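# Observations on the three-dimensional arrangement
One letter stands for each residue in the lines below.
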Amino acid sequence: MRRRRSALQSKMYWQIILTMFVLLDFLQMAVAHCMVHQVPARNFTLHCTLLNETFLSPFSAEVVESWSALRREHGASETKPPLLVNEESFLCCLWSDNNIDCSLYRASMQARKFIPSEISISASQEIDSNWNIECWLKGKLDLLVCSLRFLKLYLRANLKVNLLYAVSELSVGDVSTSSLKGTVTVAQCDCSAYDECECCVPSPRLNSTYIMWLKAVIGVTHLWSPLMSVKPIDIVKPEPPLNLHLEMTEKGQLKICWSDPQLMPYPLQYEVKISANSGQNGWQMVQVALETSLAIDNALLDSSYLVQVRCRNRRGPGFWSDWSTPYNLGAEVLYFPPKILTSVGSNISFHCIYKNKTEIVVSKKIVWWLNLAEEIPESQYTLVNDRVSKVTLFNLKATKPRGSFFYNALYCCHQNRECHHRYAELYVVDVNINITCETDGYLTKMTCRWSANPNTLLLGSSLQLRYYRSKIYCSDFPSTSPKSEVKECHLQKNHSYECTFQPIFLLSGYTMWIEFNHSLGTLESSPACVVPADVVKLLPPSNVKAEITRNVGLLNVSWTNPVFTNNDLKFQIRYAVNRKEIAWELYEVSNAPRSAVIKVQKLCVEYVVQVRCRELDGSGYWSNWSRSAYTLVKDIKAPLQGPEFWRIIIEDPARRQKNVTLLWKPLMKNHSLCSVSRYVIKHQTSGNTTWSEYVDNGTTCSFPWTEHTHTITVLAMNSIGVSSINFNLTLSQQMSTVSVVQSLSAYPVNSTCVILIWTLSPQIYVITSFIIEWKNLNKEEEMKWVRVPPNISKYYIYDHFILIEKYQFSLYPVFAGGVGKSRSTDRFTQGGYENENNASLYLVLPIVISTSVLLLGALLVSHQRMKKLFWEDVPNPKNCSWAQGVNFQKVVKSQTRLTCLLPWLHPGKNWAL
């Protein structure tokens, strides 16, 4: 099966090749003898003759009879038979309305031209046995069409027609039969219509010459037409004009306007047909116009007239287009223009002619409304003439979308507030679009960005960036130019657009603007000019390092300047403590030698630092922030001071000695600068014995107290050294008996604050400080302590206190020679705080008393309401079986106490007893 199919395909290919060779041979033979007829820009008549008379010579009786019948139809003599030849010959004929041009050609002789008397056919008679042909180029210039109409319908049966053509670059007048070379192409013809065939040549070359002829097959008879030549540009049939509408001049003169069908390769001329409706006897008037508008008489608006326009080539041959769609001049309300597209801040004017049924309303009786909600002031009206009213709107704002409507409706109405449903449409678009550009740090490309609110764009509109480049710098007043180019821009996620210019000329001026395109017109934003060298966004500094300097405690930042820059730069340094929520601080420096020193408050924390730069003169943009650099937390100085400490003395009767435990608080970082590696405890006794011990981890140290006097100093040490300012504590058995604290009182303020007040008796010793101790006696908690200055007698202790529990407060006076005897209290003082002139207690007690009274009243009211509700809800024993026989007086009396207590125990529940 495959071999059979392959053989069949090979046979078809050879047939096609053989056919092409035959066509080429015919073309060479025909053009060697036959004249080539030019195809006119109109219809013409063509006579088809026999292809090869050697195959039909001598003519058969049927052929002779057909020829004789053809001659009889046109009045020729029947006694004169057709010329018989025994060799290959061609009869080439082109028939027109008043002439017949036929020539007989033989391969071995020169052409012999027949005159009409030899053929004996009357030129004045109708040649209805021939075909009527019309060739034209469609208005879109993409298809050459030849239409054949045959008048002898009996020839329609079994008819097949092909159009054959070859292309030459010579002009039509210069084409000769001996100069044609090239490939012959076959164009299929569609003969599906009843009396017509249509042949199409796709994508013709407008200014080339096409040599064409027709090959017709009727049954088994082959007929050929004479050779025809045509240049497609000479037989264009344009599309009809578009968008017929009325316009009005400032003086009120009406014009009928239209648009060309498309961009034609030559200028057009127009015919305008103004015709009355069928009710007015079909009156019409035709005028010629060379522009796309024609002034008409305003009186035509009084009746309903129709306007149509057609066009053709103004300077050369060609067909008239079809008539355009009719435009009715008889509308009741006419707006000029019916739609306006304008930009924010502009001023525009509308004209109106208002007809009340058949009568035109005089212009002084016309009023204007905006959206039928706002009457436009009369001061904005202008009476153009007695029929035309004009309104002007000033400083327009952008149109706000209302659903699917993106315009404001402008109504022209009668002064009695009678309005027609037709209106003019006003589109106001905000084209104040800001374009920003930046050149990358490598100076290789410039990126421009702009954004537009998508909610303000009209349906079917588009935005594009146009630009042109000046050789150097920008002009003082940038303006648009018709020589501009469109730059491709890409839509980003945030409704902005981004365009990239690469390569760039650093010192050239790029003038650019945004063009808003819509079917109603084109708007442009204000042009802006950019010089790439002035909008450079530098590369960020590199190799950024940061550290806190030792012994000085400053933040030192260093970096390397970016490439492609000079030294005239300014820098911004942002720094912050490295934490989850970073609070940046900014430091700016100019002409810095690649480093800067910043004073910071906190020295013992990790800082994160970033640097950016820009040109010193302010041109261009700040670079991106550099990569983050981090400081290392390390010791800067020796600790500023040693820790505060206190002691706990525990008697050891078995050994007859006292054991002392030292307690101290860890140093804050701002005192340790920045860490503590160990603590040094120095001891000195009354016998001038000294020694030291070290605590690496921890904040306690214990030792036995065996001497009368024992002085302790606690020092803090880090990698730099030991603290220079330290606290001393002397333990003296003699001083421990000195009592100078006369009284001690503790007053609770709230659960977080207790006020401690004390009085002192006269003493001869100088107190250096006080130590306050407190602890909860109901719980096994560690004792807490605090050191307070010696010159106060009242101290606020902030802690978490449970006021119903028992606390012990102790006050120790500390002298230079030792710690004195303490005074303690384990109860909160009531009523005595007023005597100490503490104003806060005067505020607290009234509030407590008032609250107590209100609470008691609320309890009494609640109890009475509950008792009342309970008795109302007591069921009737006659209606409830479970309640029969129950003594409710006794039950209620016994449960009254429980009823009152349950809401206190569980106030969130609803109790029903």
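Structure shown above.
Small disclaimer: the values here were computed from a predicted structure and weren't measured. (Residues numbered from 1 in each chain as written. Predicted model: local features only at pLDDT ≥ 70, side-chain atom pairs only at ≥ 80, totals over all residues. Heavy atoms only, no water.)

The helix and strand inventory of the protein chain stands at six helices and 63 strands. When burial is assessed residue by residue, the protein chain has 41% of its 913 residues classed as buried. For the protein chain, long-range pairs separated by at least 24 residues make up 63% of all intrachain contacts whose partners lie at least 6 apart in sequence. Surface summary for the protein chain: the accessible area is close to 51900 Å², and the carbon and sulfur share equals 51%. (Helix = DSSP H or I, 4+ residues; strand = E, 2+ residues; numbered from the N terminus. Buried < 20%, exposed > 50% of the residue type's maximum accessible area, 1.4 Å probe, protein only. Contact = heavy atoms within 4.5 Å. Areas by Shrake-Rupley, 256 points an atom, 1.4 Å probe, with all protein chains shown as cover.)

Applying the stated criterion to the full structure yields nine disulfides. The disulfide partner of Cys191 is Cys197, and the gap between their sulfur atoms is 1.9 Å. Between Cys191 and Cys197, the S-S dihedral sits near 115°, and the bridge is therefore right-handed. Across the disulfide, Cys474 is cross-linked to Cys529 (sulfur-sulfur distance 1.9 Å). Sign of the S-S torsion, about -85° for the bond between Cys474 and Cys529, identifies this disulfide as left-handed. Of this pair, Cys474 sits in the loop between strand 35 (462-469) and strand 36 (485-487) while Cys529 sits in strand 41 (residues 528-530); the two residues are 55 residues apart in sequence, bridging distant segments of the chain. Of the residues examined, Cys474 reaches a relative accessible area of 28% and is grouped as partly exposed. (Disulfide = S-S within 2.5 Å.)

Within this structure, the stated rule accounts for eleven salt bridges. Here Arg449 makes a salt bridge to Glu498, at a shortest N to O gap of 3.1 Å. With Arg449 in strand 34 (residues 446-451) and Glu498 in strand 38 (residues 496-501), the pair connects residues that are 49 residues apart, well separated along the chain. Its relative accessible area of 26% is what places Glu498 among the partly exposed residues. One salt bridge connects Asp799 with Lys784, and the closest N-O pair in it is separated by 2.9 Å. Taken together, the residues span a long stretch of sequence, with Asp799 in the loop between strand 60 (794-798) and strand 61 (807-815) and Lys784 in strand 59 (residues 784-788) at a distance of 15 residues. (Salt bridge = Lys/Arg side-chain N within 4 Å of Asp/Glu carboxyl O.)

Before going further, it helps to spend a moment on the environment of Ser192. Summarising the element assignment, Ser192 is placed in the loop between strand 10 (185-190) and strand 11 (196-202). By relative accessible area, which is 61% here, Ser192 ends up exposed. Within the structure, Ser192 has its side chain in polar contact with the side chain of Asp190 (distance 2.9 Å). (Polar contact = N/O pair within 3.5 Å; in protein donor to acceptor, adjacent residues only side chain to side chain.)

Another point: the sheet that holds strand 46 (residues 595-599). Overall, antiparallel pairing links the three strands, which are arranged 42-43-46 in an open sheet. Both outer strands of the open sheet, strand 42 (542-548) and strand 46, are each paired with one neighbouring strand and no more. Sheet twist, expressed as the mean angle between neighbouring strand axes with direction ignored, is 15°. Direction of pairing for strand 42 relative to strand 43 (residues 554-560): antiparallel, over a ladder of five bridges. Residue Ile548 lies in a different strand from strand 43, and its bridge partner there is Leu555. (Pairing = 2+ DSSP bridges. Axes fitted to C-alpha atoms, helices over the stretch in contact; angles between N-to-C directions.)

In the structure shown here, the tally under the stated rule is 24 aromatic pairs. Seen from their ring centres, Tyr165 and Tyr210 are 5.8 Å apart, and the 40° between their planes marks the pair as tilted. One end of the pair, Tyr165, is in strand 9 (residues 159-168); the other, Tyr210, is in strand 12 (residues 209-218), and 45 residues separate them in sequence. Take Tyr165 and Tyr210: they sit in the same class, and that class is buried. Note on Tyr442 and Phe564: the rings are 6.3 Å apart at their centroids and 75° apart in plane angle, and the pair reads as edge-to-face. Of this pair, Tyr442 sits in the loop between strand 33 (436-439) and strand 34 while Phe564 is found in the loop between strand 43 and strand 44 (569-577), placing the two residues 122 residues apart along the sequence. Through pairs of rings, three or more aromatic residues link up here, namely Phe405, Tyr407, Tyr411, Tyr423 and Tyr427. (Phe/Tyr/Trp six-rings, centres within 6.5 Å; stacked < 30°, edge-to-face > 60°.)

Ranked by internal contacts, the top residues of the largest apolar core, which has 63 residues, are Val161, Met212, Trp258 and Ile353. The contact partners of Val161, leaving out residues within four places of it in the chain, are Trp131, Leu148, Cys189, Cys191, Cys197, Leu214, Lys215 and Ala216. (Core = buried A, V, L, I, M, F, W, Y, C linked by side-chain atoms within 4.5 Å.)

Moving on, we come to the sheet that holds strand 16 (residues 242-248). In spatial order, the strands read 16-17-20; together these three strands make up an open sheet with antiparallel pairing. Each edge of the open sheet carries a strand with a single partner, namely strand 16 and strand 20 (293-295). Shown here is a sheet whose adjacent strand axes are inclined to one another by a mean of 20°, direction ignored. Where strand 17 (residues 254-259) and strand 20 come together, three bridges link them in antiparallel fashion. Across the sheet, residue Ile256 finds its bridge partner in strand 20, namely Leu294.

A large share of strand 18 (residues 268-276) lies buried, amounting to nine of its nine residues. Of the strand pairs in this sheet, strand 18 and strand 21 (residues 305-313) are connected by nine bridges, and their pairing is antiparallel. When the sheet's bridge partners are listed, Tyr270 is paired in strand 21 with Cys311. Judged from the six bridges that link them, strand 18 and strand 19 (residues 284-289) form a sheet pairing that is antiparallel. Counted as the bridge partner of Val272 is Gln287 from strand 19.

Mapped onto the secondary structure, Tyr327 falls in strand 22 (residues 327-328). Residues Tyr327 and Val309, spaced 18 residues apart in sequence, show a C-alpha to C-alpha distance of 9.5 Å. Setting aside its immediate chain neighbours within four residues, Tyr327 contacts Leu244, His245, Leu246, Ile256, Tyr305, Leu306 and Val307.

Attention shifts here to a nonpolar patch on the surface. On the surface, Ile472, Tyr473, Leu506 and Leu507 cluster together into a nonpolar patch covering about 370 Å² of accessible area. Within the fold, Ile472 resides in the loop between strand 35 and strand 36. (Patch = residues over 30% accessible without salt bridge, like charges linked within 9 Å, V, L, I, M, F, W, Y side chains within 5 Å.)

Looking now at the side chain of Thr439. Along the chain, Thr439 turns up in strand 33. Judged by relative accessible area, Thr439 falls into the buried class, the value being 0%. Within the local environment of Thr439, its side chain forms a polar contact with the backbone oxygen of Pro532, the two atoms lying 2.8 Å apart. Those residues within four positions of Thr439 in sequence are excluded, and the remaining contacts are Lys445, Met446, Ile504, Leu506, Pro532, Val535, Val536 and Lys537.

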